[in-house]
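Observations on the model geometry
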Amino acid sequence: MITRLALLALAAWTTTGLAHAGVSAPLQVHDAWIRVLPGALPNAGYANLTNPGNHEVKLVAARSNAYAKVMLHESSESGGISRMHAVDHLSVPAHGSVRLAPGGYHLMLMHAVHPVKVGSRVTITLRFADGRTQDASFLARPANASGVND
Ligand SMILES: [Cu+2]
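What this report covers is the structure whose coordinates are included nearby. Only a predicted model underlies this, so the values are computations on that prediction, with no experimental measurement involved. (Residues numbered from 1 in each chain as written. Predicted model: local features only at pLDDT ≥ 70, side-chain atom pairs only at ≥ 80, totals over all residues. Heavy atoms only, no water.)

1. What to know about the pattern of salt bridges
Our working definition: The term salt bridge refers to a pairing of a side-chain nitrogen on Lys or Arg with a carboxyl oxygen on Asp or Glu at a separation within 4 Å. For the exposure calls, accessible area comes from a 1.4 Å probe over protein chains only, and a residue counts as buried if that area is under 20% of its type's maximum, exposed if over 50%, partly exposed in between.
Within the structure shown, the criterion is met by 1 salt bridge. Residues Asp130 and Arg132 are paired through a salt bridge, measuring 2.8 Å at the closest nitrogen-oxygen approach. A residue is classified by how much of its surface remains accessible, and Arg132, at 30% relative accessible area, is partly exposed.

2. What to know about the coordination of the copper ion
We apply this condition: For Na, K and Ca the donor cut-off is 3.2 Å, while for other metals it is 2.8 Å, and in both cases only N, O and S atoms qualify; water is not among them, so sites may look incomplete. Helix and strand assignments come from DSSP, with helices taken as H or I runs of at least 4 residues and strands as E runs of at least 2, each series counted from the N terminus.
Protein-derived ligands of the copper ion are His73 (ND1), Met84 (SD), His106 (NE2) and Met108 (SD), with the metal-ligand distances lying across 2.1 to 2.2 Å. Spacing between the donor residues of the copper ion along their common chain follows H-x10-M-x21-H-x1-M. Pair noted here: His73 is in strand S4 (residues 67-78) and Met84 is in strand S5 (residues 81-86), with a separation of 11 residues, a long-range link.

3. Here we look at the pairing of S5
What counts is decided by this rule: Between any two strands, at least two bridges found by DSSP are needed for them to pair.
Bridge count for S4 against S5 is 6 bridges, and the pairing is antiparallel. The residue of S5 that forms the bridge with Ser78 is Ile81. With antiparallel pairing between neighbouring strands as the criterion, S4 and S5 make up a hairpin whose turn holds 2 residues, including Gly79 at a positive phi of roughly 60 degrees.

4. Describing the nonpolar core
For clarity, the threshold we go by: Residues grouped as a nonpolar core are buried Ala, Val, Leu, Ile, Met, Phe, Trp, Tyr and Cys residues, joined through side-chain atoms within 4.5 Å.
Formed by 27 residues in total, the largest nonpolar core has its most connected members in Ile34, Leu49, Leu107, Ile124, Leu126 and Phe138. Examining the composition of this core, we find that 4 residues originate from one element, strand S9 (residues 121-128), more than from any other. Counting residues in hydrophobic clusters, the runner-up holds 5 residues, among them Trp33, Tyr46, Met108 and Ala145.

5. Details of the side chain of Thr125
To keep it simple, the criterion reads: The criterion used for residue contact is that any of the two residues' heavy atoms lie within 4.5 Å.
Among the structural elements, Thr125 can be located in strand S9. The exposure class assigned to Thr125 is buried, which follows from its relative accessible area of 16%. Not counting residues up to four positions away in its chain, the partners in contact with Thr125 are Ala61, Ala62, Arg63, Thr133, Gln134 and Asp135.

6. Side note on unusual backbone geometry
Positive phi values are uncommon outside glycine, yet His95 reaches one of about 55 degrees. With respect to the helices and strands, the residue His95 is situated in the loop between strand S6 (90-92) and strand S7 (97-100). A residue is classified by how much of its surface remains accessible, and His95, at 56% relative accessible area, is exposed. Even without a glycine there, the phi angle at His111 is positive, about 60 degrees. Looking at the secondary structure, you find His111 in strand S8 (residues 105-112).

7. Digging into the packing of aromatic side chains
Stated precisely, the cut-off is as follows: The pairing test for Phe, Tyr and Trp rings, Trp by its six-membered ring, is centres within 6.5 Å, and the orientation test on the planes gives stacked under 30 degrees, edge-to-face over 60, and tilted for anything in between.
Counting across every chain of the model gives 1 aromatic pair. Look at Trp33 and Tyr46: their rings are 4.9 Å apart centre to centre, the planes differ by 45 degrees, and that puts the pair in the tilted class. In this pair, Trp33 sits in strand S1 (residues 28-35) while Tyr46 sits in strand S2 (residues 43-50), placing the two residues 13 residues apart along the sequence. Each member of the pair, Trp33 as well as Tyr46, carries the same accessibility label: buried.

8. Here's the deal with the pairing of S2
The side chains of a regular strand alternate between the sheet's two faces. Most of S2 sits inside the fold, with 6 of its 8 residues counted as buried. As defined by bridge partners, S1 adjoins S2 across 6 bridges and the pair is classed as antiparallel. Paired with Val29 across the bridge in S2 is Leu49. Where S2 lies against S8, 3 bridges are found, and the strand directions are antiparallel. Bridge pairing links Asn43 to Leu109 in S8. Across 4 bridges, S2 lies against S7 in antiparallel orientation. Residue pairing in the sheet places Asn48 in a bridge with Arg99 of S7.

Rendered as structure tokens:
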């Protein structure tokens, strides 16, 4: 009887443990900010994404109530000309980080639903290849900002 109770307790604990692992955020998001450009120009979202887990996390999409469309982009420069292109996913390696920063990866935030005020925070929902999602809070910074802390 005691053994049976112990097994039941163990089963309950294990189930809880798995459920908890299932809802934990896939990534740690630090220094998340948006460069707000005037008028109808698209804004760009930047952040440091760290994966504390043992498995690669693949970011495949993002969305926000504040923008009609959010795309994953990468900037590159050749011959002094800066271009950007859409990327279909962004992999954050196990126990690794990926930096979204000016001149590199960014979230392209198109068509703000309302003008985004500098100093406000915007929630962006990240979606991963396994179907999980994670909300991250981005700080709106002025056009001349170079990072979240200036
Ligand atoms: Cu872009």
